[in-house]
Amino acid sequence: MPSTTFIHTSDLQIGMTLWFLAGEAQARFSAARVAAIDKLGQLARETGAEFIVVAGDVFEHNALNRQTTGRAREALERLPVPVYLLPGNHDPLVADSVFFHALDGNSRGGATEESGVRVLDSTEPVQVADGVEVVGAPYMSKRVNRDLVAEAIEPLEPTDDIRIVVGHGQVESRSSDPAPDLIDLAGVERAIADRRVDYLALGDTHSTTDLSSTGAVWFSGAPETTDYHELPAGGGENDSGNALVVTVNKAAGASTPATVEVEKHAIGEWTFDAIDMDVNTAADVEKFVETLRAYPDKDRTAVKYSLRGTVSLTEQAELERALEELEPIFASLRPRERLHDLHLAPNSDELADLDVAGYAADALTELVADLETDPTARDAANLLFRLSSQGGK
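All of these numbers come straight from a predicted model, not from anything done at the bench. (Residues numbered from 1 in each chain as written. Predicted model: local features only at pLDDT ≥ 70, side-chain atom pairs only at ≥ 80, totals over all residues. Heavy atoms only, no water.)

**Q** Could you give me a rundown of the sheet that holds strand β6 (residues 132-136), with the residues and numbers involved?
**A** In a beta sheet, neighbouring strands are held together by backbone hydrogen bonds and run either parallel or antiparallel to one another. Spatial strand order, β5-β6-β7-β8-β10-β9: six strands in an open sheet with mixed pairing. The strands lining the two open edges of the sheet, one partner per strand, are β5 (126-129) and β9 (209-210). Both strand β8 (residues 199-203) and strand β10 (residues 217-219) contribute to a ladder of three bridges, which runs parallel. The residue bridging A201 from the neighbouring strand is W218, located in β10. (Pairing = 2+ DSSP bridges. Helix = DSSP H or I, 4+ residues; strand = E, 2+ residues; numbered from the N terminus.)

Shown next, in the form of structure tokens:
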């Protein structure tokens, strides 16, 4: 019975830069994306994986500097098992493809086989072990208008060998318009049922996702976080930082599909969270601040926050003190301006304690009288507080 264990990953996007990571934070983020390759090698040793497939977007784009590509090349060549790289929409196999200059001796066909690095540059099946082959569906341009996975599968015949197809793209449209490049999941499942394909390794979505009732079609997700996880709603990039260890067993001469087992392994170091919270009391402020303090690796954590509600002067001051302390520690900590809607509403005692006299005191008295019913009065009182000696402390 043919059997194989391998690692499925995708979307390393080496060379990615993010505007909200400044200076050394960006440098550490870039280093972590290359370090993920070494972690894949360690995972291969621990699990006995025979090879690794990277299902597209190995690089962020085709115009990277030599330092970035050189470090990536050395990390790929350090891997203890062969690695098969699929060009995706970020790094398509066009004339100036990064694959042609990033890998030593590389040319069309991936002439780095001696180092264990191979580019899946066509749909031609590649034998990766006895009784095991990999079929790629590479991007030959940045945008495509057809189902590349279906094209790769179409000529394949049923086989007793194990066959892994590696693709990149979506199975559902991200808009209301039909997309010609969508992967036909039903067609893939038919190919699995009749033993033409045993596992489809997909990239493009950065969260780990089981796509099929067969358990044989997966997005691996990116091995390092690339976008925000929405909290508490749970949307966004909600399960990245993983690699999949896949084991396929296929009985020779049988009519049933191969059996597939998939194990998810966390290997990422970075966390990106988007926190949405109602804040109206001192307890709410404390809860938000404690949520920030609880992050264990703040230098590898980016948080954007949207707070909604109304707080007193004391609560606002406590929030600002905490943020001033924590902002330099996080890789990024910033308000989500589009959704942030926190208002300042001093209570009567706080306004009475302001150090104002004369005309300002008379104006404050009038504002306090209308504070609960007139938003303009409330805003004016807030401004007066900021201009007062207490507001400047």
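**Q** An account of unusual backbone geometry is requested, with residue identities and associated values reported.
**A** Following L231, the chain continues to P232 via a peptide bond in cis, the omega torsion being 5 degrees. With respect to the element layout, P232 can be found in the loop between β11 (229-231) and β12 (242-249). Despite not being glycine, Q13 has its phi angle at roughly 45 degrees, a positive value. As for its position among the elements, Q13 is in the loop between β1 (3-9) and α1 (24-47). With a phi angle near 125 degrees, D204 is a residue other than glycine that sits in the positive phi range. One can find D204 in the loop between β8 and β9.

**Q** Residue-level account of the environment of D184, with values.
**A** Looking at where D184 falls in the secondary structure, it is placed in the loop between β7 (162-168) and α5 (185-193). Here the alpha-carbon distance between D184 and V171, two residues 13 residues apart in the chain, equals 6.4 Å. With residues up to four places along the chain from it excluded, the contact list for D184 reads D147 and R190. (Contact = heavy atoms within 4.5 Å.)

**Q** Give me the lowdown on helix α6 (residues 282-293), citing residues and values where you can.
**A** Compared with the 16 Å implied by 1.5 Å per residue over 12 residues, the 16 Å span of α6 between its first and last C-alpha is a close match. Those residues of α6 lying buried are V285, F288, V289 and L292. The buried side chains of α6 occupy one side of the element, clustering within an arc of 95 degrees when seen end-on. The exposed residues of α6 that point more than 90 degrees off its buried face are A283, E286 and K287. Close packing links the buried residues of α6 with β14 (271-278), β15 (301-311), α7 (313-326) and β16 (332-335). (Expected span 1.5 Å × (residues − 1). Buried < 20%, exposed > 50% of the residue type's maximum accessible area, 1.4 Å probe, protein only. Arc of directions from axis to C-beta.)

**Q** So, empty space enclosed by the protein: which residues are in play, and what are the values?
**A** Summed over the entire model, instances satisfying the criterion amount to two cavities of 30 Å³ or more. Around the largest cavity, the lining residues are L12, I37, L40, I52, V54, V58, L76, L79, V83 and L85. Put simply, the parts of the chain that give the lining of the largest cavity at least two residues each are α1, β2 (52-54) and β3 (83-85). Residues of the lining of the largest cavity, tallied by class, amount to 10 nonpolar, no polar and no charged. Here the second largest cavity is characterised by a volume of approximately 30 Å³. (1 Å grid on protein atoms, 1.4 Å probe; cavity = no way out; pocket = protein on both sides within 12 Å on 5 of 7 lines; lining within 4 Å. Points joined across faces, edges and corners; volume = space filled by probe spheres on them. Nonpolar A, V, L, I, M, F, W, Y, C, P; charged D, E, K, R; others polar.)

**Q** Any details on the packing of α1 against helix α2 (residues 66-78)? Residues and values, ideally.
**A** Helix packing for two helices is described by the angle between their axes and how far apart those axes are. One can describe the packing of α1 onto α2 by two numbers: an axis separation of 9 Å at closest approach and a directional angle of 0 degrees. The angle between the axes of α1 and α2 places the two elements in the roughly parallel class. Contact residues: α1 offers V34, I37, D38 and R45, while α2 offers R71, A72, A75, L76 and R78. Looking at the contact of α1 with α2 residue by residue, the classes come out as five nonpolar, no polar and four charged. (Axes fitted to C-alpha atoms, helices over the stretch in contact; angles between N-to-C directions. Parallel < 35°, antiparallel > 145°, perpendicular 65-115°, else oblique.)

**Q** Give me the lowdown on the nonpolar core, citing residues and values where you can.
**A** Among the nonpolar cores identified, the biggest contains 45 residues, and V149, Y199 and L202 are the most heavily contacted of them. Taken together, the elements giving at least two residues each to this core come down to β5, β6, α4 (148-153), β7, α5, β8, β10 and β12. Residue contacts for Y199: discarding those within four places in its chain leaves F6, H8, R163, I164, V165, A216, W218, L244, V246, V260 and V262. Core analysis: the second largest hydrophobic core is formed by 31 residues, L12, I14, V54 and L76 among them. (Core = buried A, V, L, I, M, F, W, Y, C linked by side-chain atoms within 4.5 Å.)

**Q** Break down the packing of aromatic side chains for me, with residues and values.
**A** Tallied over the full model, the rule gives 13 aromatic pairs. Look at Y228 and F272: their rings are 5.5 Å apart centre to centre, the planes differ by 35 degrees, and that puts the pair in the tilted class. Here the residue Y228 occupies a position in the loop between β10 and β11, and F272 occupies one in strand β14, the gap between them amounting to 44 residues. For the pair shown, Y228 and F272 are each scored as buried. Members of the aromatic cluster, joined through ring pairs, are W19, F20, F29, Y228, W270 and F272. (Phe/Tyr/Trp six-rings, centres within 6.5 Å; stacked < 30°, edge-to-face > 60°.)

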